[in-house]
Amino acid sequence: MGHPALAQIPTLEYSLRISAGPEKGSVYKIVSAQVSIGRDSENDIALTNDKKCSRKHAVISIAADGSIQIQNVSDRNKLFVDGQVTTSRPLRNGSKIQVGDTELSLHIQIKASNKNLAAPASRRPIAGKASKSASSLNPARIFLILFLLAFFTMLLTDGPSNEDTPVDLRTREDIEAEIQLTRELKQKAEEQRRQPRQGDPLTLKEARANYVKGFRDYQAGQYERAIKGFQACLALDPEHVLCQRYLLLSQRKFNELVQYHVVLGRRYRDQGQYAACSSAFRNVMAMVKDQNSDIYREAKANFDACRAQIAERF
């Protein structure tokens, strides 16, 4: 008697196809939350033959809610998305990315796959190079894919998740403390509006500029950069209520994101997906940075173990 079929779960698959440039025809499947692009061979997508591409040119990040963002990390060369120069911009299915002489197109597909099946193994932990596909999609199929993509993105964003994502269990005391903090911040904001602000107008203006920058990063899911923006705001204006509030929220979101990658890395390790495991724990190390912290040391130990398993296979 055969085993019962496991439930099929729709998942999003991201891939980058090089449509122009020295590596034209190459396809990279994205299997991690962060992918680096550049001329240096250490990048996940290494464009070593594109002389107009920076050594480290751009970074693509995928948030836990499925949204995807690209950022220019080059000080010298520009990044183009859909023909426009940008420093940071959300991506969508079909977005055209240009770095140097290379043009890449983003493809997002929906695939119904078993939750417990392992992802295809790859020598590279983040972007696995695949063969060029000769298939093409007709307009009706493209419309159907875009409709299904929008539908499942809505489900992933608004509906309950089937994944074992980490949940921050909060006690009643935690909730009461949060409510009290919110009341105090609201009261302080009302008092500030009633009283003229003290201090150098230029300093207060610069503090507000840092707040606006931090808030934009917060909305884009760039919580580490948002923390820096709100800290700079408070260094100039320690009584800035909104900076105080969003600094706390950014720190909480950042810690949740770190924990998400830790749990994801452990799951990949237990399933024998060592390339994805090393990628997840490398993301944790890059986010935490403090080599003396317990989280960093755990991530480093798991990263080394997963890399050793990859080396053992070859």
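About the thresholds
- Note that residues are indexed from 1 along each chain, following the sequence as it is written.
- For this predicted model, a pLDDT threshold of at least 70 governs which residues receive local features, and a threshold of 80 or more governs which side-chain atom pairs are given and counted, while totals over whole chains, interfaces and linings are taken from all residues.
- Just so you know, side-chain values use all the structure's heavy atoms and leave hydrogens and water out.
- Labels follow the DSSP assignment, with helices taken as runs of H or I lasting at least four residues and strands as runs of E lasting at least two, numbered in each case from the N terminus.
- Partly exposed residues are those whose accessible area sits between 20% and 50% of the maximum for their type, while under 20% is buried and over 50% is exposed, using a 1.4 Å probe and protein chains only.
- Two residues form a contact once any of their heavy atoms are found within 4.5 Å.
- Residue-level accessible areas treat just the shown protein chains as cover; the underlying method is Shrake-Rupley with a 1.4 Å probe.
- The rule for pairing is simple: two strands pair if DSSP sees at least two bridges between them.
- Definition used in this section: a nonpolar core is a set of buried Ala, Val, Leu, Ile, Met, Phe, Trp, Tyr and Cys residues joined via side-chain atoms within 4.5 Å.
- When a carboxyl oxygen of Asp or Glu lies within 4 Å of a side-chain nitrogen of Lys or Arg, that pair is called a salt bridge.
- Side-chain rings of Phe, Tyr and Trp, where Trp is taken by its six-membered ring, are said to pair if the distance between their centres is within 6.5 Å; with planes under 30 degrees apart they count as stacked, over 60 as edge-to-face, and otherwise as tilted.
- Between the N-to-C directions of two axes lies an angle of 0 to 180 degrees, each axis being a line fitted to C-alpha atoms and, for a helix, fitted only over the stretch in contact.
- For this classification, under 35 degrees means roughly parallel, over 145 means roughly antiparallel, 65 to 115 means roughly perpendicular, and everything else is oblique.
- For any pair of crossing helices, the crossing counts as left-handed if the nearer helix is rotated counterclockwise from the farther one by less than a right angle, and right-handed if it is rotated clockwise.
- For this classification, Asp, Glu, Lys and Arg are treated as charged, while Ala, Val, Leu, Ile, Met, Phe, Trp, Tyr, Cys and Pro are nonpolar and the rest, including Gly, are polar.
- Cysteine sulfurs are considered disulfide-paired once they come within 2.5 Å of each other.

Student: Honestly, the overall build of the protein chain in this entry has me stumped. Any pointers?
Tutor: Regarding its fold elements, the protein chain presents seven helices and 12 strands. Relative to its full complement of 314 residues, the protein chain shows a buried share of 36%. Within the protein chain, residue pairs in contact and separated by at least 24 positions form 55% of the contacts whose partners lie at least 6 positions apart. A total of about 19,300 Å² of accessible surface is found on the protein chain, and carbon and sulfur atoms cover 53% of it.

Student: Is there a simple way to think about the sheet that holds strand β9 (residues 88-91) in this case?
Tutor: In any sheet, the strands associate via hydrogen bonds between backbone groups, in a parallel or an antiparallel arrangement. Pairing within the open sheet is mixed, and its five strands lie in the order β4-β3-β5-β6-β9. Every other strand in the sheet has two partners, leaving β4 (45-46) and β9 as the edge strands with one partner each. In this structure, strand β6 (residues 68-72) lies alongside β9, joined through four bridges in antiparallel fashion. Across the sheet, residue Gln69 finds its bridge partner in β9, namely Pro90.

Student: Got a minute to help me understand the nonpolar core in this structure?
Tutor: Nonpolar side chains tend toward joint burial in soluble globular proteins. The biggest cluster of nonpolar side chains holds 30 residues, and the ones touching the most others in it are Tyr218, Phe230, Cys243, Phe254 and Val258. Ignoring anything within four residues of it in the chain, the contact list for Phe230 reads Tyr211, Gly214, Phe215, Tyr218, Cys243, Tyr246, Leu247 and Ser250. In this structure, Tyr28, Leu47, Ala58 and Ile62 belong to the second largest nonpolar core, which totals 23 residues.

Student: Where do I start with the pattern of salt bridges in this structure?
Tutor: Any two side chains of opposite charge can pair, given that their charged atoms come close. Evaluated as defined, the whole model comprises 12 salt bridges. In this structure, Arg92 engages Asp82 in a salt bridge whose closest nitrogen and oxygen atoms are separated by 3.7 Å. Placement of the pair is Arg92 in the loop between β9 and β10 (96-99) and Asp82 in the loop between β7 (79-81) and β8 (84-85), with a sequence separation of 10 residues. A residue is classified by how much of its surface remains accessible, and Arg92, at 52% relative accessible area, is exposed. Classification of Asp82 as partly exposed rests on a relative accessible area of 31%.

Student: Help me understand the environment of Gly265 in this model?
Tutor: Mapping Gly265 onto the fold places it in helix α5 (residues 241-270). A relative accessible area of 0% means that Gly265 is categorised as buried. In this structure, Gly265 is in contact with Cys277, Ala280 and Phe281, ignoring residues within four places of it in sequence.

Student: Help me out: how do you make sense of the packing of aromatic side chains in this one?
Tutor: Each aromatic ring pair is specified by the distance between its two centres and by the angle formed by the two planes. For the structure on display, the rule yields six aromatic pairs. Ring geometry for Phe215 versus Tyr246: centroids 5.1 Å apart, planes at 80°, classification edge-to-face. Linking Phe215 in helix α3 (residues 201-219) with Tyr246 in helix α5, this pair joins segments that are 31 residues apart in sequence.

Student: Would you mind showing me how to read the packing of helix α4 (residues 223-236) against α5 here?
Tutor: Helix-helix packing: each pair is described by the crossing angle between the helix axes and the interaxial distance. Between α4 and α5, whose axes approach to 9 Å, the crossing angle comes to 155°. Judged by the inter-axis angle, α4 sits roughly antiparallel to α5. As for how α4 packs across α5, the hand of that crossing is left-handed. Of the residues in α5, those in contact with Tyr223, Glu224, Ala226, Ile227, Phe230, Gln231, Cys233 and Leu234 of α4 are Cys243, Gln244, Tyr246, Leu247, Ser250, Gln251, Lys253 and Phe254. Classifying every residue of the contact of α4 with α5 by side-chain character gives 10 nonpolar, four polar and two charged.

Student: Would you explain the state of the cysteines in this entry?
Tutor: Cysteine pairs can be covalently joined through their sulfur atoms, and such a bond is termed a disulfide. The final tally for this structure, using the stated rule, is two disulfides. A sulfur-sulfur distance of 2.1 Å marks the disulfide that ties Cys233 to Cys243. Judged by the sign of its S-S torsion, about 95°, the cystine formed by Cys233 and Cys243 is right-handed. With Cys233 in helix α4 and Cys243 in helix α5, this pair connects stretches of sequence that are 10 residues apart.

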